[in-house]
Structures are given as structure tokens and as C-alpha cells.
There are 2 protein chains.
Amino acid sequence: MQKIRITPYELDSMRPTQKITINPTLRQTRFIKSCLGESTDQTPIWFMRQAGRYMAEYRAIRAKHSMLDVINSPELSAEVTMQPINAFGFDAAIIFSDILPLLTGMGLKLDFIPGKGPQIENPLDSTKAIDMLATPPAEVSMQGTLDAIKLVAPELEAKNTPLIGFCGAPFTLASYAIEGGGSKVYAKTKALMYTHPSAWQRLMDKLVTVQVDYLVKQVKAGASALQLFDSWAGAALSKADYIQYVQPYNTKIFAAVKRQVDAPFINFSTGTHAYLEDVAACGGDVLGADWRMPLSNAFAKAGDMAVMGNLDPIALLAPWRELRYRIDQVLAEAEGHDGYIFNLGHGILPNTPIENVQRTVDYVRSKSRE
Amino acid sequence: MQKIRITPYELDSMRPTQKITINPTLRQTRFIKSCLGESTDQTPIWFMRQAGRYMAEYRAIRAKHSMLDVINSPELSAEVTMQPINAFGFDAAIIFSDILPLLTGMGLKLDFIPGKGPQIENPLDSTKAIDMLATPPAEVSMQGTLDAIKLVAPELEAKNTPLIGFCGAPFTLASYAIEGGGSKVYAKTKALMYTHPSAWQRLMDKLVTVQVDYLVKQVKAGASALQLFDSWAGAALSKADYIQYVQPYNTKIFAAVKRQVDAPFINFSTGTHAYLEDVAACGGDVLGADWRMPLSNAFAKAGDMAVMGNLDPIALLAPWRELRYRIDQVLAEAEGHDGYIFNLGHGILPNTPIENVQRTVDYVRSKSRE
């Protein structure tokens, strides 16, 4: 069999000479400037899962449509994405979608079961199952989300609000694909890692391929920033395992996406305090901090990166006096840092009182005007 | 109303002049010596949840008896406690029981529902419910476990093996009592903390009262060491919250128990890497380390305390070559430290192959004889 040779010409064509850039007006918003470490007039604020059950407008949509219906409908996704922007004027929108549907294009069957959370009907139970996974272009599973981005980006642009696209990180997606749902100890995922390290590598490589393609296409469709969600690596892995089994793949994602697009990229994880420096070393422009650590620790580990975080979502259930005290603590830790974005340390909870959201947005704004 | 005055005589009687001491022969075992930072001929080894489902002998008992039946029967508890000692010759036994039944004496109704885990039928849903909790002596709920200790301690003594008594930490028990079962985000527990801090304080004080009494009585009954399990604080709390809402109560437990008994006390928690120094500051002789952090970090934070840990329980599901590599890593990090006890970073998993347990015990012994 003849070897396939890559000629210098082809190599050049694989190296995009022109990066995809973001809208120059949105580039000057306080959210994007803060992501890039530039000083701003006010601290930008948005909340993870800001389009969600705590809003009556959202619940009204979900009363009539399943989670997957909303994700697959560009119109409904766009509408839900706009809800918290219209209600609270957050400094950034995040496209309404979920990290898991990307797996369906690869051959996994996904369902959201009320009260039970997401379930994979045919979880990866052998190395052969990993080898059978496809790596199709993102449109195969995420056309709805890409179309929703196209639909909502101009509407957000009119409000001078950047849109964040996102993706689950390889470990988080792999653990769902292997466990078949959420997990407490990730026994199957880690047993695969430790027992079949080359199959783990093939799985992670496949996920990275699909994820990079999807992230780049979100920027092409109109997203002005990106976020990688590594929600589960910290709960599952030791520092040594993180470095061996996760870091190479997250690093690939940040590097490959950054080669192709010129948009800020947020590197978010939870429970990774034992090795936050290794998380930061994967790349990205912004290091996301969960609420468990003091924000000053995140700044210490972030180096040149900006920092996003880290109000405890449950603080929003507390009386105003206590909530304000906690906002003050977060702001005090961020004092004097240019690259800083106010956010929760994880997603907002469904039972959050709406007035506490408004009050928090107003208070953070008023404090940063002082 | 006349003030109650405590006379100097009464104060003296509240201050036990004679501490409860442990068996002097067991005091010289490698487990107890390591707990106290003394050098030993070999590294002592035991596993959290070593009496459990991975053993056929245990499954045979549980096929005929529910979890609560075993806990409430001194004979069955004693039998199950001995199983891993007889099979593997671990350097310490831990009394077979559970952290939750202690709550039943206070007025909470507990059930273990197969597939769902422990459930509290009447969770604490108001500050009044907290005020209605009783603080009875430990015998009210834990007579079975105290009798099991009395039954099994002489049998263990004949094998020169110390017995560990244990208790759940106040936060961990409070979160079960408030959430009614396991939790992902501890929203109700934290909302109570933030909204009714004085009710939280009353709840924690009641738990401490009951826990101290129970721990002291376990040593009186024949336990030679104690362990406090704070399994959930790290998953739930920030450093600032840990210091405010947990540290004072854990500190009280270590201090109050140590005033009354002269037995080594293990301070175990998981997911507390962001503030392990604050965990260590609560007290105890041994700092337990989960598997997420390098053991060297635990030694760095432990100060004068001994360290116990921290093989990932899931390493026991891996092929021997990988498992051995991971044991070597743990032992290398502990190299040169006298106060060190080999253990898992959390409880052993039900699907652990029995031969990997034997091999691990043998290997740790052979390595530490070199």
C-alpha cells in the first residue's frame, strides 16, 4: 500500500492563514475586554445556567417542550437564551444548549429523564464500543444549537451583548458516555483509564476532534467567546491522573481552537483545587473558579489569565444581608485585578428567588462604579 | 430565679483526673505507634469499609440480614468486623456500624433503602425541628455497636489487633438530617446555615454533645483508636464557610474527647484540599488524606500529626501492574515519614476483586520490610 504523503502545499492549507475574528464592536464590551485582561469601566457579570428554571419565562417554555426539544429548536433556544438578558441585562449571554447532545452524533443515544437526569442508553462498555464511535462534523448533532447561535447573535449584537458558546470537556463527556449517566465515584471510567490506557487515549482523541470542530463552528456562527466545562474531572481524579489522562486533551482543545479563532476562551472546572495550576496550564484566556476556594487562590494560580467566579450559588438563597456580605467578600478578593468577571462558582439553582438575582446584578454594578 | 452556681468541687468532678487509657499491649502495635508518630518495623495497613460487599463472607450475612439488623446485632457486627482481619490480617479493625443511626436517638427516623441509600423520614425542615431534637446518651441509639465493641475487642486483642471506633462529623450528620438523604449541592443545609446561623449553631452543639459521648464510650467499651468521618464538608463548603460553620465544632469534638480518653484519633475528610490546613487545625493525631491530592501535600499540611492514606479505591479495580505502580507512588510519597498508615483515600468499592486486596496487603508489607 502506498504511503499517503502530505505535501508542503497541503500542510499550508491545513494551517489557516486567517483566523476567524469576532465582531469588532463586541470586542470592546466589558465582558470581552475583561476576558482579555484589559481594564473596564465596571466589573462584567453573568451567571452560569442563567437561562434556567429559576425564571418563570423559562418554566413556561419547558412546560410545553422537553429539554431536547428546546435544544433542537433554534427559535426556542434563541428565546430562552435572551430571557435573562432581557430580564437582568447580564454582560454576556450563553447559548442555551447542553454538553451531552454532542455525543449523539458519535453514536450514543441520549435521553433526559425527569428526576433522573441525563441517561445514555448504550454506554461504552468495551474498547470495541470506543472504536465504533464516529467523529462526524458538529452539524450532525448540534445543527439546532449552531442555528440558534446564528439566530440570536444579531439580536444580542443590537444590545451590544456578546454570546458565549460552550462545550463539555473530554473527561466530563467520556465519564457520561462510559457510566451511562451521572456518577459518584466514576469507577467504570477510571477502571477503563487504568486498564486500557490506549483505548482511553483513542476515546479522548475522538472527543477532542469533535469538540474542536464544534467550538470553532460556534464562533463562525456568531459566538464571541467560548467556555470549556470540565465539571467532573476534579471530583474524580488525583493530580497525577489529571496530568496523565486529562491535561493533554484539554490542552489540545485550547491550542487547536485558538489556532483557528480569535475569541476569548474560558477554562472552567470544579473541585480541582489540589491541582488548579495544572488546570490553568491547559490553556485559555480565563480561569473559572468554583466557590470552594478563595478567589485569591485562583488569581495566584491563573498567572496571566483572567479569572471568573465565584459566588456560592447557594448564597442566592440567603437573606440579602448575608448575600451582600458574600458578594462583598468575592469583590474584595478580586479588588485591583483587571481581568475579572463576576460569576457564580457553578450553575444557578432552580429555587433561586428572582429578586436576589436582580439585586446581585445591581449591587455588583453599583460597587464597581464606586 | 436563682442562678445555678458551679462550685470548685463540681468543676473538679467535671474534669476527669484519670483519663481512660487503652490496652498497653495494643499501645505497642505498629498501627497505634504510627498514629502517634513513632517508628515501626513495617507500615501498618487497613482499608476504610474493609468489612463490606467485596467479601463473599459479608455478602452471605447481608443476604439474610438488613444493614440495620447487622448494626443492631452485637454478634453479627462483631462477626462482620472480624471477617477482613481473618482474611487479610489488616493491622487494625474498624467496628462495623454506620454514622447515621446515632441520629435516631435524637429523634430522626432512619431507613436504608436498597438502591437509594440512607433516607431520613422526618428531615429537619424548620428551626423548631432543631430545637425539638434530643441529646440522649449514646446507648439509646448505639447500644448494639457498643456491645459489639465489647464482644469483639477481646477477640482482636488475642490477635494483637487494635479496634477503631468512629463517628460521623457534625456537618456530615447535619446535612443528612436536613436534606433527608444524600445530596449533590447541600442547598437546604447551606440555606439554613446562611439564613439561621444561630439555629445552625444549636444543631451543631447538639450533635457535638451526642458525638463526644458516643466516641468516649466506644473507647470505654474497648476501642483503641477513633476516627471522625467528615465526608461531605469538602464537597459543600468554601474555606471561609468551613472555618465559620464547621471548624469550631470539629475542634470541640477532638478537644473534648482527648480530655477524656488517651487513644489516637484520626481526622478524616474528603475534598478539603482548598483548606486542608484548617481541617488539620481542628485536632486529632492523624490527618486522613483522600486520593485526590498527592500524599506529600497532606504531610506538608499535617505538621506534627501522622498521615493516613491515600490509594485511589478504584486502583484496586486495575490490573496488578497498574495497581502496583500506584501503590509504589503512594509509598514513595510517604518515604521517610514515621507517622504513616497505609489506607485507601476513601472506602473500598463493592466490586473490588478480593485477590487485589490480598496482593496489596502483601506488597505493602514486603516493600516496608525492604
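Note that the structure is predicted; figures quoted are calculated from it, not measured.

S.K.: Talk me through the relation of the copies chain B and chain A; I want residue IDs and the actual numbers.
M.R.: In screw terms, the move from chain B to chain A is a rotation of 180 degrees and a rise of 0.0 Å along the axis, fitting with an RMSD of 0.0 Å. Interpreted geometrically, this transformation is the action of a two-fold axis. Distance from the rotation axis, computed per C-alpha, reaches its smallest value in chain B at B:His273: 3.1 Å. When the interface residues of chain B are mapped onto chain A, 100% of them are again interface residues, pointing to one common binding face.

S.K.: Mind laying out the pairing of strand β11 (residues 340-344) of chain A, listing which residues take part and the relevant values?
M.R.: All names here are of chain A. Counted residue by residue, β11 has five buried out of five residues, so it is predominantly covered. Both faces of β11 are covered, namely the face carrying Tyr340, Phe342 and Leu344 and the face carrying Ile341 and Asn343. On the question of chirality, the crossover connecting strand β10 (residues 306-311) to the parallel β11 by way of helix α16 (residues 320-334) is right-handed.

S.K.: Tell me what's going on with the packing of aromatic side chains, and back it up with residues and numbers.
M.R.: Tallying each qualifying case throughout the model produces 26 aromatic pairs over all chains. Aromatic pair B:Phe171 and B:Trp200: ring centres 6.0 Å apart, planes at 55 degrees, arrangement tilted. Of the two residues, B:Phe171 sits in helix α10 (residues 170-179) while B:Trp200 sits in helix α12 (residues 197-221), which places them 29 residues apart along the sequence. Judged by relative accessible area, B:Phe171 falls into the buried class, the value being 0%. Of the aromatic side chains, those joined through ring pairs into one cluster are A:Phe47, A:Tyr54, A:Phe88 and A:Phe90. Seen from the ring of B:Trp291, B:Arg292 lies directly overhead, with NZ or CZ sitting 4.2 Å from the centre. Directly above the aromatic system of A:Tyr194 lies the positively charged group of B:Arg326, at a separation of 3.7 Å from the ring centroid.

S.K.: Lay out the nonpolar core with the relevant residues and their values.
M.R.: One broad trend across soluble globular proteins is that nonpolar side chains are buried collectively. In this structure, A:Trp46, A:Trp200, B:Trp46 and B:Trp200 are the most contacted members of the largest nonpolar core, which totals 273 residues. Setting aside residues up to four positions removed in sequence, B:Trp46 forms contacts with B:Phe31, B:Phe90, B:Ala92, B:Ile94, B:Ile164, B:Gln227, B:Ile266, B:Met308, B:Ile341, B:Phe342, B:Asn343 and B:Leu344.

S.K.: Give me the interface of chain B and chain A: which residues, what numbers.
M.R.: A common way to report how large an interface is uses the accessible area buried once the components associate. Tallying the contact residues gives 33 residues for chain B and 33 residues for chain A. Here chain B meets chain A over a buried area of about 2,500 Å², counting both sides, of which 57% is carbon and sulfur. Three residues, B:Tyr194, B:Arg292 and B:Ile314, lead the burial of chain B against chain A; their summed loss comes to 23% of the area buried on that side. The tally of links from chain B across to chain A stands at four salt bridges.

Rules behind the numbers
Residues numbered from 1 in each chain as written. Chains lettered and ligands numbered in written order. Predicted model: local features only at pLDDT ≥ 70, side-chain atom pairs only at ≥ 80, totals over all residues. Heavy atoms only, no water. Least-squares fit on C-alpha atoms with pLDDT ≥ 70 in both. Contact = heavy atoms within 4.5 Å. Buried < 20%, exposed > 50% of the residue type's maximum accessible area, 1.4 Å probe, protein only. Helix = DSSP H or I, 4+ residues; strand = E, 2+ residues; numbered from the N terminus. Right-handed = clockwise from strand over helix to strand, strands pointing away. Phe/Tyr/Trp six-rings, centres within 6.5 Å; stacked < 30°, edge-to-face > 60°. Lys NZ or Arg CZ within 6 Å of the ring centre and 35° of its normal. Core = buried A, V, L, I, M, F, W, Y, C linked by side-chain atoms within 4.5 Å. Buried area = accessible area lost by both parts, 1.4 Å probe. Salt bridge = Lys/Arg side-chain N within 4 Å of Asp/Glu carboxyl O.

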